Amino acid sequence: MKKRSAARSSAVTGVLALLLAGALAASPAATATGSKPVPPRVPTSTGYGGAVSSLDPVVSEVGLQVLRKGGNATDAAVAMAAAIGVTDPYSAGIGGGGFFVHYDAATGQVETIDGRETAPGAIEHDAFVDPATGEPYPFYPDLVTGGVSVGVPGTPATWERALERWGTTSLRQALRPATKVADQGFVVDQLFHDQTVANQERFEALTSTSELFLPDGEAPEVGSVFRNPDLAATYRLLARGGVDAFYEGVLAEEIADAVQTPPVAPGTELPVPAGSMTAEDLASYEVVDRDPTVVSYRGYDVYGMAPPSSGGTTVGEALNILEQFDLASLDDSAAMHHYIEASALAYADRAAYLGDGDFVDVPVSGLLDDTFAQERACLLDPAAAAAKPVAAGDARSYDGVCDEPAAPASEPEDTESTSTTNLTVADRWGNVVEYTLTIEQIGGSGIVVPGRGFLLNNELTDFSIEYDADDPNRIEPGKRPRSSMSPTIVLADGRPVLALGSPGGSRIITTVMQMLINRIDLGMTIEEAIAAPRATPQNSARTTAEQGFIDRYGTALSGYGHQLVPDVTIGAATAIEIGPDGLLTAVAEPTRLGGGSARVVRPAVP
Ligand code: GLU
């Protein structure tokens, strides 16, 4: 392999949820603002010759052009991810990490790249604990902003590795369209404006960040053109020097400096704790080629992301549990009851077992074993909700025989977030990419590396905040924090039929699960499966759900004993379905986050 490779219902995320629900409904549809054309937001496109889907129209346009010029799915995915760093810099960029899942038409293999951030070598077990009180720092405002939560970024190394394994272009070529967008600017939409406003206090606390994202002290106006020449110059640096120019040399020194000595604005009262990352931490970063997780579900093979993501095992285990029941024969409310219960069981096991498998023993094969699922399914009462939280099973010793339920666990977290982003690409040769990438919180750590045009992540907050030697997700130097990102590719008879993924913190897993159930069991089209209202059952006494879900299923589900509590929006997906005749159906969110953009190279003639 080539080198390189807290509970947080924060004020920031709460405000954003409201903003996202309301203001974005009127998000940009214009074809031109001033002289600058804005590509269309298209929720569904069908056709041939390749397809892209993302949550941003400029990003999808970039991917489409790469495919049109003969690039393959990986070429397009890397170009799109680089464009995300320009137009959606609060969700992802070269200061963050992610997971890249690839189906190779030539070999029939699904393979993945783990580009998750790592903890610095000098991080202490109690990095998130206040020495004065012995209590953990609160996520907001203490941990979210500053250097202490910044992990060593994995995204540049992911792009290099993906291109090296599957691409046909160089990193230099892949970065070109995004560099142009950064130079020439893009039209600010409501989402970018609102996310800037929601982060105003944090951004004001850091001089480099306010200089970039608060020109004249204010969030850029909707409809104005936002340029990022610093990021364009950084992309040119990577184009010339490869990712070594990021992980070694001047830029690596600057990143370490920004983490150790964040450029705090004079007079700021916001805590901006420093971190310990060094240039050596950056120089020793490596992406990891990992085998995907896979489960068979109703004749399909569902591939996902292995640890350190909890996505593949949790989605896979829940599907295995659900496969013990004939969901298609049930009415939709009964199916949703089963979904909530299966998800609770899988989340209990996620909490008990999931962490970075390079540091802790994660029983992946047990969690994904049908016999284990049979045993877990014993606890799913088709007629009534179990008392939550349910306890974890024993994924290391099981026989498929029903046991007495164990004592309940403690109430888990439901991380409320709409950060992160996702993209899906299929090319004319049949290759498919599903890629979820993030800088964690919207706006990451809030630290822009001075003069470099990109934000650093705050991914280390995905570790358990308090150290417990038995906790698989405890903080350790060099370790990757547990993720929920769930890029998923589904095969039938060895051929890809569906790829999908979503942002949303711990809600990513349920979003992916629910879309799969909607499509495979409930007979929805892929457009309907994505648009359908969502719930995010995570083994809590109360299940958070969108209002549309409560309106549709609330009465029936309360009959099973479920309590639903409303939240504005859950997840934001992109997907591509591949029909038996090769017809591509690219789908993006029709309304959540203002709507995404799904495009095809050659539209089908209606
Ligand atoms: N840090 C999250 C994860 O890796 C993603 C951020 C989010 O979507 O909120 O699971």
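Details of the structure are given in the entry above.
Trainee: Quick question: what am I supposed to make of the state of the cysteines here?
Mentor: As used here, a disulfide is simply a covalent bond connecting the sulfur atoms of two cysteines. The full count for this structure, using the stated rule, is one disulfide. Covalent S-S linkage joins Cys378 and Cys402, the inter-sulfur distance amounting to 1.9 Å. Looking down the S-S bond of the Cys378 and Cys402 bridge, the torsion is -75 degrees, so its handedness is left-handed. Placement of the pair is Cys378 in the loop between helix 17 (370-377) and strand 11 (421-427) and Cys402 in the loop between helix 17 and strand 11, with a sequence separation of 24 residues.

Trainee: When you look at the pairing of strand 11 in this model, what are you seeing that I'm missing?
Mentor: A regular strand carries its side chains on alternate faces of the sheet. By the criterion of burial, strand 11 is predominantly enclosed, with seven of the seven residues buried. In strand 11, alternate side chains face the same way, and those of Thr421, Leu423, Val425 and Asp427 on one face and Asn422, Thr424 and Ala426 on the other are all buried. One ladder, built from four bridges, connects strand 3 (residues 44-54) with strand 11; its direction is antiparallel. Residue pairing in the sheet places Val52 in a bridge with Val425 of strand 11. Across six bridges, the pairing between strand 11 and strand 12 (residues 432-438) is antiparallel. Looking across to strand 12, one finds that Asn422 is bridged to Thr436. Hairpin remark: strand 11 followed by strand 12, antiparallel, with four residues in the connecting loop; positive phi at Gly430, about 100 degrees.

Trainee: Can you help me understand helix 12 (residues 250-260) in this one?
Mentor: It helps to recall that an α-helix has 3.6 residues per turn; residues three or four apart then point in one direction. Among the residues of helix 12, those classed as buried are Leu251, Ala252, Ile255, Ala256, Ala258 and Val259. The arc that holds every buried residue of helix 12, seen down its axis, measures 160 degrees, which confines them to one face. Buried positions along helix 12 lie against helix 10 (229-241), helix 11 (244-247) and helix 13 (279-283).

Trainee: Is there a simple way to think about the site of the ligand in this case?
Mentor: The ligand sits among 14 residues. The nearest are Thr420, Glu459, Asp462, Ser484 and Gly505. At 2.7 Å, a backbone N or O of Ser484 approaches an oxygen atom of the ligand. Gly505 is positioned with one of its backbone polar atoms (N or O) 2.6 Å from an oxygen atom of the ligand. Burial of the ligand by the protein chains amounts to 98% of its free accessible area of 300 Å². Grouping the amino acids of the shell around the ligand by side-chain chemistry returns two nonpolar, eight polar and four charged.

Trainee: How should the sheet that holds strand 15 (residues 535-536) be read in this particular structure?
Mentor: What holds strands together in a sheet is hydrogen bonding between their backbones, with the strands either parallel or antiparallel. One open sheet holds the three strands; their spatial order is 15-16-17, and the pairing between them is mixed. Where the open sheet ends on each side, the last strands, each with one partner, are strand 15 and strand 17 (563-567). Alignment of strand 16 (residues 542-546) against strand 17, held across five bridges, turns out to be parallel. Within strand 17, the residue paired with Thr544 across the bridge is Val565.

How each quantity is defined
- Residues numbered from 1 in each chain as written.
- Predicted model: local features only at pLDDT ≥ 70, side-chain atom pairs only at ≥ 80, totals over all residues.
- Heavy atoms only, no water.
- Disulfide = S-S within 2.5 Å.
- Helix = DSSP H or I, 4+ residues; strand = E, 2+ residues; numbered from the N terminus.
- Buried < 20%, exposed > 50% of the residue type's maximum accessible area, 1.4 Å probe, protein only.
- Pairing = 2+ DSSP bridges.
- Arc of directions from axis to C-beta.
- Contact = heavy atoms within 4.5 Å.
- Near = heavy atom within 4 Å.
- Polar contact = N/O pair within 3.5 Å; in protein donor to acceptor, adjacent residues only side chain to side chain.
- Areas by Shrake-Rupley, 256 points an atom, 1.4 Å probe, with all protein chains shown as cover.
- Nonpolar A, V, L, I, M, F, W, Y, C, P; charged D, E, K, R; others polar.

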